[in-house]
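# A closer look at the structure
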Amino acid sequence: MALKGIRVLEMAGLAPAPFCGMILSDFGASVIRVDRNGGNSLLSADKMARGKRSISVNLKDKKGQKIVQRLAATADVLIEPFRPGVMEKLNLGPEKLMSQNPSLIYARLSGYGQTGPFIKKAGHDINYVAMSGMLSMLGRKDQNPTPPINLVADFAGGGLTCAFGILISLFERTKSGQGQKIVDTSMVEGSAYVSSFIFKTQELPIWGRPRGQNWLDTGAHFYDTYKTKDGKWMAVGALEPQFYHKFMEGLLGHSDSDKFIDQFADFEEGKAQISKIFLTKTRAEWETIFDEFDACVTPVLEMEEAPCHALNKEREAFVQNEENGRWEPQPAPKLSRTPGTVSCCKDPEVGEHSIEVLEEMGLKMEEIQKLIQSGSVGVSANAAKL
């Protein structure tokens, strides 16, 4: 696998950092999640721990801090999701760890970045997307700005962007031999960066109108979703004239262009007419029709439907979780020679691998038992040996 041999320490958190660690794990990195001893109930919500191992450590304890320092001394990457200053208070900041391991890639993933007036402020995806300028663009006509679940900041601008920063730092290290004191991933800046196209195309005719009235933000009738007779939905992305022509052919059942709905006339009138037509047939019927037309028209699949669709089945885009039977996306993109794989869908329990990791560090069982008894290290109920 592409990242085989890369050792990663992931300080336990929620959403962005676990996703970043999962990406690295899926492509072969050995990822150890450092959980806080004492059982953080929030960690039960972290469902992106597949393929990782967990060691539970009391980070406020000097012995616990020394364990993380020793782990970092042989690691290639450390991922931390805390507000600026937290790791320094725990004696685990980049100055401390890189004095022992100058080749360490120290990745810091936060909402507002490591500098500036907001470094101490709390926030969530909605706040970061708002501060990037992108939330103002999202939503339908005459409605409030609509947050896009938590995809833009947490996962695209956060976890994925951080993984990209780590990978380019690892590549640069092959030439310089040096680590990176900080990979400063701000979810505000990441959200803006993945939205570069929107910032750079404001002069084009696809924008220029208020929110929800433009070509790509549900303002146009040729780029929207439509309800079908059975209460399901079809997605239409017939942006270019050639695709719009095919869309009209499939929708109206003939190729008489005189009866086509004008692509760039009244968007609202176009939507009204198209909505009525889509309601005359079921989604399955429309799927059958548009299978014959290259018109950028597809069904809106429910989450439980997507893994079973022919496209995703043939490409093996999803894998079934061995614990709960739910479908999960496979690693992407697909590499021809060293693809990512889901080696294990089981998420580790907090402290499940504490003993195993400490043994790999060279500690004897007597030392490990003392650390556990003192509360410096925790183990899960199912941890082996003790």
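For the structure itself, consult the block above.
This one's a predicted model, so the numbers in the text were calculated from it and none came from an experiment.

Conventions we followed
Residues numbered from 1 in each chain as written. Predicted model: local features only at pLDDT ≥ 70, side-chain atom pairs only at ≥ 80, totals over all residues. Heavy atoms only, no water. Helix = DSSP H or I, 4+ residues; strand = E, 2+ residues; numbered from the N terminus. Expected span 1.5 Å × (residues − 1). Buried < 20%, exposed > 50% of the residue type's maximum accessible area, 1.4 Å probe, protein only. Contact = heavy atoms within 4.5 Å. 1 Å grid on protein atoms, 1.4 Å probe; cavity = no way out; pocket = protein on both sides within 12 Å on 5 of 7 lines; lining within 4 Å. Points joined across faces, edges and corners; volume = space filled by probe spheres on them. Nonpolar A, V, L, I, M, F, W, Y, C, P; charged D, E, K, R; others polar. Phe/Tyr/Trp six-rings, centres within 6.5 Å; stacked < 30°, edge-to-face > 60°. Lys NZ or Arg CZ within 6 Å of the ring centre and 35° of its normal. Disulfide = S-S within 2.5 Å.

### Re helix H9 (residues 241-252)
Each α-helix turn comprises 3.6 residues. Residues three or four places apart therefore point the same way. In a regular helix each residue adds 1.5 Å, so twelve residues correspond to 16 Å; H9 covers 16 Å between its end C-alpha atoms and thus fits that length. Three or more residues of H9 are buried, namely Tyr244, Phe247, Met248, Glu249, Gly250 and Leu251. Buried residues in H9 make contact with strand E8 (233-237), helix H10 (267-278), helix H11 (283-290) and strand E9 (297-299). Directly beyond the C-terminal end of H9, a positive phi value near 80 degrees is found at Gly253.

### Some details on the layout of surface pockets
Each pocket or cavity is described by its volume, and for the largest pocket that value is around 1,300 Å³. Lining the largest pocket are 37 residues; nearest its centre among them are Phe19, Met22, Met48, Glu328 and Pro329. Ranked by residue count, the leading element in the lining of the largest pocket is helix H6 (residues 151-176), at six residues. Looking at the lining of the largest pocket residue by residue, the classes come out as 24 nonpolar, four polar and nine charged. Considering only enclosed or pocket space, the second largest pocket measures out at about 740 Å³ in volume. Forming the walls of the second largest pocket are 30 residues, and the residues nearest its centre are Leu14, Pro81, Gly123, His124 and Tyr128. Elements with a minimum of two residues in the lining of the second largest pocket: helix H1 (16-26), strand E5 (105-110) and helix H5 (125-132). Its residues assigned to classes, the lining of the second largest pocket comprises 17 nonpolar, eight polar and five charged.

### Topic: the packing of aromatic side chains
Counted by the stated rule, this structure contains 15 aromatic pairs. Here the aromatic rings of Tyr112 and Phe118 are separated by 5.0 Å at their centres, their planes lie at 80 degrees, and the arrangement is edge-to-face. For Phe118, a relative accessible area of 27% translates into the label partly exposed. One aromatic cluster in this structure is built from Trp215, Phe222, Tyr226, Tyr244, Phe247, Phe264, Phe267, Phe278, Trp286, Phe290 and Phe293. Sitting above the plane of the Phe118 ring, Lys121 keeps its charged end 5.3 Å from the centroid.

### What about unusual backbone geometry?
Residues Ala332 and Pro333 are joined by a peptide bond in cis, for which omega reads 0 degrees. Tracing the backbone through its elements, the reader meets Pro333 in the loop between strand E11 (327-329) and helix H13 (354-360). The phi dihedral of Asp142 is positive, around 60 degrees, even though this residue is not glycine. Topologically, Asp142 is positioned in the loop between H5 and H6. Take Asp142: its relative accessible area is 72%, and that puts it in the exposed class.

### Things to note about the state of the cysteines
Across all of its chains, the model carries zero disulfides by this definition. The cysteine Cys20 is free of any disulfide, with Cys162 supplying the nearest cysteine sulfur at 3.9 Å. Since its relative accessible area comes to 0%, Cys20 is described here as buried.

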